[in-house]
Amino acid sequence: MSGSTTSGSRTASEIAAAVAAGRLTAAASVEAALARIAAIDPGVNAFTDVTAGRARARAAEIDAGLASGRIPGPLAGVPFAVKNLFDVAGLPTRAGSKINRDREPAARDGALVRRLEAAGAILVGALNMGEYAYDFTGENAHDGPSRNPHDRERMTGGSSGGSGAAVAAGLVPLALGSDTNGSIRVPASFCGTFGLKPTFGRLSRAGSYPFVASFDHLGPLARSVADLALAYDAMQGEDPDDPWQTPRSIEPATDALARGRTGLRIGVAGGYFARGGEPDCFEAVALAAAALGATRRVEIPEAARARAAAFVITAAEAAGLHHDRLRVRPADYDPAVRDRLIAGTTIPAAWVHRAQRFRSWYRARVLTVFDEVDVILAPCTPCRALRIGQTTMELDGVAVPARPNIGIFTQPISFIGLPVVAVPVRVGGGLPLAVQVIAAPWREDVALRVAGALEAAGVGAAPVAA
Amino acid sequence: MTTPPLPLDDDTAGAVVDAMMPLVGIPMAPEWRETVIASVKATAAAARLVLDFPLDDAVEPAPVFRASADLASAGSASGDPA
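Thresholds applied
Residues numbered from 1 in each chain as written. Chains lettered and ligands numbered in written order. Predicted model: local features only at pLDDT ≥ 70, side-chain atom pairs only at ≥ 80, totals over all residues. Heavy atoms only, no water. Helix = DSSP H or I, 4+ residues; strand = E, 2+ residues; numbered from the N terminus. Contact = heavy atoms within 4.5 Å. Areas by Shrake-Rupley, 256 points an atom, 1.4 Å probe, with all protein chains shown as cover. Pairing = 2+ DSSP bridges. Axes fitted to C-alpha atoms, helices over the stretch in contact; angles between N-to-C directions. Buried area = accessible area lost by both parts, 1.4 Å probe. Salt bridge = Lys/Arg side-chain N within 4 Å of Asp/Glu carboxyl O. Polar contact = N/O pair within 3.5 Å; in protein donor to acceptor, adjacent residues only side chain to side chain. Nonpolar A, V, L, I, M, F, W, Y, C, P; charged D, E, K, R; others polar. Core = buried A, V, L, I, M, F, W, Y, C linked by side-chain atoms within 4.5 Å. Buried < 20%, exposed > 50% of the residue type's maximum accessible area, 1.4 Å probe, protein only. UniProt positions renumbered as here; feature names shortened; annotations may be inferred. Disulfide = S-S within 2.5 Å. Parallel < 35°, antiparallel > 145°, perpendicular 65-115°, else oblique. Left-handed = near helix turned anticlockwise from the far one by under 90°.

Draft legend 1. The overall build of chain B, seen in detail. Each helix and strand counted, chain B has 2 helices and 0 strands in total. In chain B, 53% of the contacts between residues at least 6 apart in sequence involve partners at least 24 apart. Taken as a whole, chain B presents about 5,000 Å² of accessible surface, with 60% of it coming from carbon and sulfur.

Draft legend 2. Representation of the sheet that holds strand β15 (residues 433-439) of chain A in the model. Residues and elements named next belong to chain A. With respect to topology, 11 strands assemble into an open sheet ordered β1-β3-β2-β6-β8-β7-β14-β15-β11-β9-β10, the strand pairing being mixed. With one partner strand each, in any of the chains shown, β1 (47-50) and β10 (296-298) form the two edges of the open sheet. When the angles between neighbouring strand axes are averaged without regard to direction, this sheet yields 30 degrees. Here helix α8 (residues 225-235) sits on the sheet in contact with β6 (174-179), β7 (194-197), β8 (217-222) and β14 (420-425), set at roughly 145 degrees to β8. Sitting on the sheet, helix α15 (residues 444-456) is in contact with β7, β9 (266-269), β11 (375-379), β14 and β15, with an inclination near 145 degrees to β15.

Draft legend 3. Looking closely at the interface of chain A and chain B. Taken together, the 41 residues of chain A in the interface contact 42 residues of chain B. Between chain A and chain B, roughly 3,700 Å² of surface is buried when both sides are summed, and carbon and sulfur atoms account for 70% of that area. Contact with chain B buries surface across chain A, with W351(A), R354(A) and R357(A) losing the most and accounting together for 19% of the total. Here chain A is connected to chain B by 0 salt bridges. Our count for the chain A to chain B interface comes out at 10 residue pairs in polar contact (both at pLDDT 80 or more). Those elements that place two or more of their residues in the side of chain A that touches chain B are α10 (303-328), α11 (335-344) and α12 (349-369) of chain A. The element best represented in the side of chain A that touches chain B is α12(A), accounting for 12 residues. Residues that form the side of chain A that touches chain B fall into these classes: 21 nonpolar, 8 polar and 12 charged.

Draft legend 4. Representation of unusual backbone geometry in the model. Residues and elements named next belong to chain A. Cis geometry marks the peptide bond from G158 to S159; its omega dihedral reads 10 degrees. Tracing the sequence through the fold places S159 in the loop between β5 (151-155) and α6 (161-168). With a phi close to 50 degrees, Y132 is a non-glycine residue in the positive phi region.

Draft legend 5. Region of the structure containing the nonpolar core. Residue and element names in this part refer to chain A. By size, the foremost hydrophobic cluster in this structure holds 154 residues, and its most contacted members are L116, F358, Y362, L377 and F415. Ranked by residues supplied to this core, first place goes to α10 with 11 residues. Residues contacting L377, with those up to four places away along its chain left out, are I266, G267, V268, A269, V285, A288, A289, L292, V435, Q436 and V437. Within the second largest apolar cluster, 29 residues are counted, among which are A55, L127, L171 and A188.

Draft legend 6. How the structure looks around the pattern of salt bridges. Residues and elements named next belong to chain A. Under the definition given, this model contains 26 salt bridges over all chains. Between R403 and D135 there is a salt bridge, with the nearest N and O atoms lying 3.1 Å from each other. With R403 in helix α13 (residues 402-405) and D135 in the loop between β3 (122-127) and β4 (147-148), the pair connects residues that are 268 residues apart, well separated along the chain. Among the salt bridges present, the one from R185 reaches D179, with a minimum N-O distance of 2.8 Å. For R185, a relative accessible area of 0% translates into the label buried. The network of salt bridges with shared partners includes D49, R94, R101 and D143.

Draft legend 7. Examining the UniProt feature "domain: Amidase" (unreviewed entry) in chain A more closely. When the UniProt feature table is mapped to this numbering, "domain: Amidase" (unreviewed entry) covers residues 29-445 of chain A. Between the end C-alpha atoms of residues 29-445 of chain A there is a gap of 29 Å, over a span that is 35% helix and 17% strand.

Draft legend 8. A look at the state of the cysteines. Residue and element names in this part refer to chain A. Applying the stated criterion across every chain, the model contains 0 disulfides over all chains. For the unlinked cysteine C380, the closest cysteine sulfur is that of C281, found at 9.8 Å. The structure places no disulfide on C383, whose sulfur is separated from the nearest cysteine sulfur, that of C281, by 8.1 Å. Judged by relative accessible area, which is 1%, C383 ranks as buried.

Draft legend 9. Representation of the pairing of β11(A). Residues and elements named next belong to chain A. Of all 5 residues making up β11, 5 are buried, and the element is well covered by its neighbours. Because side chains alternate across β11, one face comprises the buried residues V375, L377 and P379, and the other comprises I376 and A378, equally buried. Note: β9 against β11, 3 bridges, orientation parallel. Across the sheet, residue V268 finds its bridge partner in β11, namely L377. Bridge analysis of β11 against β15 gives 5 bridges, and the strand direction is antiparallel. Bridge pairing in β15 places V375 opposite A439.

Draft legend 10. Region of the structure containing the pairing of β5(A). All names here are of chain A. Where β4 and β5 come together, 2 bridges link them in antiparallel fashion. Following the sheet pairing, R147 is matched in β5 by M155. As consecutive antiparallel partners, β4 and β5 are separated by 2 residues.

Draft legend 11. Geometry of the packing of α12(A) against helix α2 (residues 33-51) of chain B. One can describe the packing of α12(A) onto α2(B) by two numbers: an axis separation of 10 Å at closest approach and a directional angle of 50 degrees. Taken together, the axes of α12(A) and α2(B) are oblique relative to one another. Relative to α2(B), α12(A) is oriented so that their crossing is left-handed. Counted together, W351(A), R354(A), A355(A) and F358(A) of α12(A) and T43(B), A44(B), A47(B), V50(B) and L51(B) of α2(B) form the full contact between these two elements. Tallied by class, the residues present in the contact of α12(A) with α2(B) amount to 7 nonpolar, 1 polar and 1 charged.

This is the structure in structure tokens:
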């Protein structure tokens, strides 16, 4: 076992290469991750379940396979963990809730867990999250807040808070999260990791607990762009168990990374995306744009209205999903979630219908922006990680509620399912901040290439928290 | 076409919540009422932005339902521009 493995700084790509070359066993890789989890997780509260037994068994299978000459998978021996809304065989899929702990244990793993393990990765546990994913903070009334590894008194961001914390702390090099309105990109920004929200309908959602059917996406968080691409490629492919998935052939992104940003037209989002945040979030975009030589400004029309429409649809669909439970067990919800769900039951159907019609209009307009550019840069969060428990923040000199406003820049993008890579950019000292690298539908490869170019330029980086 | 009489004040939002809870069958505790009302008002404010935007009747809602069981031939449900 090497020193860099025990420090948690090895990326998934490095671990897989070392295992494939016989320089590291899958067993040693798993033991290093379990040791770091045991030592560090009590302070960051990223894990809700550690699946040590199955991880050790799986590692032994991989090592035995390698010893007998089997070709290693692209993620051979890579420990990973998943937000606890993914089904994990033998565990009730709690989705951050108290109520779901009464469910029967999942009979089998979720689709993306199975695909990563088929590629040689090894599940080591399930991760803390905001209740039922209705969250931008990473706080949880039942499991306690996940804590930002860069400053444990700060939020991880949500709702995939445990995923951001686990990767930033170097507990695992790879984690899965979900993103409905920003729940991969916000923790990536607050915790300083890379994160990929693929195109809506790209990756199977089968075997994951839903939130908002119209907007739910699943995707990876990691500390390098190559790791995002490796995991993303392993998870692609049609799944008849997911009726929302768009039939699409596998379009690998890993091989495209070497092309960098060559030939790509890059614009910076103006208007809505250039105001309403702390100066540092715009400075992060400016640093990324300068590194890429991007000087063109583009306008995403009606982004504020898009966010509002996403807000309405989210509230209505989530309330619909939880209606039965709200009737019989309302007191068992996290209060911060329950009261919004109850409010959601009062929304007129006409509002939701109008919001879904606006979504069509907005999609058509935003897609024309990609006639001008291949990639749009925008801030990810309007601020760095807030203090745990902080309920208000100041934007443009005005005090606003913290929870809904953390996602002001992510919501208008996921609303129409565009692929985005969150790239952590260091602005001055202190806590991280990420930039959104946004591409046209089905062009995750393009977003990853630009993210990779930022990483290669030294502007985007996700070091393990000290 | 007129827009709804929004934004809601606390009394109106409270009346909406009080009227709706028996309809949806949710036993709302009195101490939850204030934050539920605040959330109803926030949603109404968001809805107003959406409702104020003129849309032609020909604009269809974004989600598309396909009757075919053969999803592989159903095409895009999310706006593939290709």
